[in-house]
Amino acid sequence: MPTLTNKRILLGITGGIAAYKCAELSRLFTRAGAEVRVVMTRAAQEFVTPLTMQALTGNRVHLDLLDFEAEAAMGHIELARWADLVLVAPASADFLARIAHGRADDLLSTLILATPAPIALAPAMNQGMWSDPGTQQNLAEVHHRGYRLFGPDEGDQACGDVGPGRMVEPAELLAGCAELFSGEPLAGRHLLITGGPTREAIDPVRFLSNHSSGKMAYALATEAVAAGARVTLISGPVALPTPDRVTRIDVVGAEEMLSATMERITDADVFIGVAAVADYRPANQTAEKIKKDQVSMKIDLLRNPDIISEVAGLNPRPLVVGFAAETGDVLANGREKLERKRLDLLFANNATETFNSDEVAATAISAEGEIEIPRARKEAVARKMLGMIAERLSAAADTAS
Ligand code: PMT
């Protein structure tokens, strides 16, 4: 089944009998993981109702250029920015003519001019209209602009004619749209990432923790989505907003982080342990706030479960990627952790320079050797790290096939 995980598809429907196929098309898009928003021209509403499309996509259908419900009444700009792909299906002869001439006299034609997203068209019309030199000239113009064309197919037409002009079937359109994104290095992959610190409660107001800000994990989550992945981020307490299109699960302690991980690991292709998990937790958490009536006090600590080792012990297991923030001999300590925890790849970084910083330098350590990643903003370093992960995934897929 083709995948459109996390993709935002703006489906433009124009007036033609093939408009009824958009009900099936939007259902296929949604099943493939996409979010679908629909824009209908006035003529399209004669063939299929906005209510049908709203029920199938779960989103309000957009009909008017001047939309008083949209922020600043500029629905066309919001939608144009929102989309990862604009697909017009069916694209009628009239609509082709209007966009070939750069018209902007309704919502759909206006957002075609405004969008930075790729545009695809699935023409559908009578075979005579399709073959007309005017239509062919309009088609050549939009093709020249880089719009992607799907079809049309040949065959029986609703009007009784036989020839070219049938809209491509929904399943084929789904495959064609998925293909447009297939060059993304992590397309269709699910990444499970832990990030931030854990907090281990001593009493109702005090805890043991560390200085992790979550910045590295959140940068990886953001960049993984941009590379086409579906991302689940299991986050300790941090003060960062959830990255766009990331599923975030908030946890506090190491044991909670372990359960959240194990509940979601089954369909993960990659596990990345970025979290600075507290190695120990207080053996007893007191119900009442501890009074400071002693000159000194002792807290008994218990060893926390090692989350990444639990994941590495699964069979089958995802690609397991660890981090190590070290002082002293960063590389030797990192390699020791890679081997002891049976990881596929580990990024070692210097603890004194990394925690809560916007930048990081790291060394990728694996069985094959070491690769330096020079100091840069965490987003840029995350892109390099994900490149290495994507290479390993495709090498593993090549070996399996
Ligand atoms: O959050 P930032 O401020 O951006 O900082 C980023 C970071 C410094 C937290 C990050 O770059 C980093 O290095 N994270 C790992 C911290 C660390 O030193 O972890 P560790 O050496 O305790 O553990 C090694 C690996 O085992 C890590 O992948 C860790 O997530 C995992 N681990 C550790 C203990 C435990 N109980 N369970 C685990 O899964």
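Residues numbered from 1 in each chain as written. Predicted model: local features only at pLDDT ≥ 70, side-chain atom pairs only at ≥ 80, totals over all residues. Heavy atoms only, no water.

Draft legend 1. Quick peek at the sheet that holds strand S17 (residues 345-350). Across the sheet, eight strands lie side by side as S12-S11-S8-S13-S16-S17-S18-S19; this open sheet has mixed pairing. Only two strands of the sheet have a single neighbouring strand rather than two, namely strand S12 (246-250) and strand S19 (369-377). Strand after strand, the sheet turns through a mean of 20 degrees between neighbouring axes, direction not considered. Sheet analysis places strand S8 (residues 190-195) next to strand S13 (residues 270-273), joined by four bridges and oriented parallel. (Pairing = 2+ DSSP bridges. Helix = DSSP H or I, 4+ residues; strand = E, 2+ residues; numbered from the N terminus. Axes fitted to C-alpha atoms, helices over the stretch in contact; angles between N-to-C directions.)

Draft legend 2. Here's a closer look at helix H5 (residues 107-114). Burial analysis of H5 places six of its eight residues in the buried class, which makes it a mostly covered element. Of the residues making up H5, those classed as buried are Leu-107, Leu-108, Ser-109, Thr-110, Leu-111 and Ile-112. (Buried < 20%, exposed > 50% of the residue type's maximum accessible area, 1.4 Å probe, protein only.)

Draft legend 3. Summary view of the nonpolar core. Ile-193, Leu-220 and Ile-272 are the most contacted members of the largest nonpolar core, which totals 37 residues. Those elements that provide at least two residues to this core are S8, helix H9 (215-226), strand S11 (230-235), S13, strand S16 (319-326), S17, strand S18 (359-366) and helix H14 (378-400). Those residues in contact with Ile-272 that lie beyond four places of it in its chain are Leu-191, Leu-192, Ile-193, Thr-194, Leu-220, Val-321, Phe-323, Leu-386 and Ile-389. Of all hydrophobic cores here, the second largest spans 33 residues; its members include Val-61, Ala-122, Met-167 and Leu-173. (Core = buried A, V, L, I, M, F, W, Y, C linked by side-chain atoms within 4.5 Å. Contact = heavy atoms within 4.5 Å.)

Draft legend 4. Structural view of the side chain of Thr-115. Mapped onto the elements of the fold, Thr-115 is located in the loop between H5 and strand S4 (119-123). Within the local environment of Thr-115, its side chain forms a polar contact with the backbone oxygen of Ala-80, the two atoms lying 2.9 Å apart. Aside from chain neighbours lying at most four places away, what touches Thr-115 is Ala-80 and Val-86. (Polar contact = N/O pair within 3.5 Å; in protein donor to acceptor, adjacent residues only side chain to side chain.)

Draft legend 5. Representation of a nonpolar patch on the surface within the structure. Where nonpolar side chains cluster on the molecular surface, the patch consists of Tyr-280, Met-297, Ile-299 and Leu-301 and spans about 360 Å² of accessible area. By relative accessible area, which is 39% here, Tyr-280 ends up partly exposed. (Patch = residues over 30% accessible without salt bridge, like charges linked within 9 Å, V, L, I, M, F, W, Y side chains within 5 Å. Areas by Shrake-Rupley, 256 points an atom, 1.4 Å probe, with all protein chains shown as cover. Salt bridge = Lys/Arg side-chain N within 4 Å of Asp/Glu carboxyl O.)

Draft legend 6. Representation of the packing of aromatic side chains within the structure. A complete count under the given rule lists one aromatic pair for this structure. Note on Phe-323 and Phe-347: the rings are 5.5 Å apart at their centroids and 50 degrees apart in plane angle, and the pair reads as tilted. Of this pair, Phe-323 sits in strand S16 while Phe-347 sits in strand S17, placing them 24 residues apart in sequence. In this pair, the class of Phe-323 matches that of Phe-347, namely buried. The lysine or arginine in question, Arg-37, covers the ring of Trp-82, its NZ or CZ lying 4.6 Å from the ring centre. (Phe/Tyr/Trp six-rings, centres within 6.5 Å; stacked < 30°, edge-to-face > 60°. Lys NZ or Arg CZ within 6 Å of the ring centre and 35° of its normal.)

Draft legend 7. How the structure looks around the site of the ligand. Neighbouring residues of the ligand: 25 residues in total, closest Ser-212, Ser-213, Gly-273, Lys-337 and Asn-356. Contact between the ligand and Pro-305: a nitrogen atom at 2.9 Å from a main-chain N or O atom of the residue. Residue assignment for the shell around the ligand shows that the elements contributing at least two residues are H9, helix H11 (307-312) and S16. Among the elements that take part in the shell around the ligand, S16 stands out by supplying four residues, more than any other. In the shell around the ligand, the residues fall into eleven nonpolar, eight polar and six charged. (Near = heavy atom within 4 Å. Nonpolar A, V, L, I, M, F, W, Y, C, P; charged D, E, K, R; others polar.)

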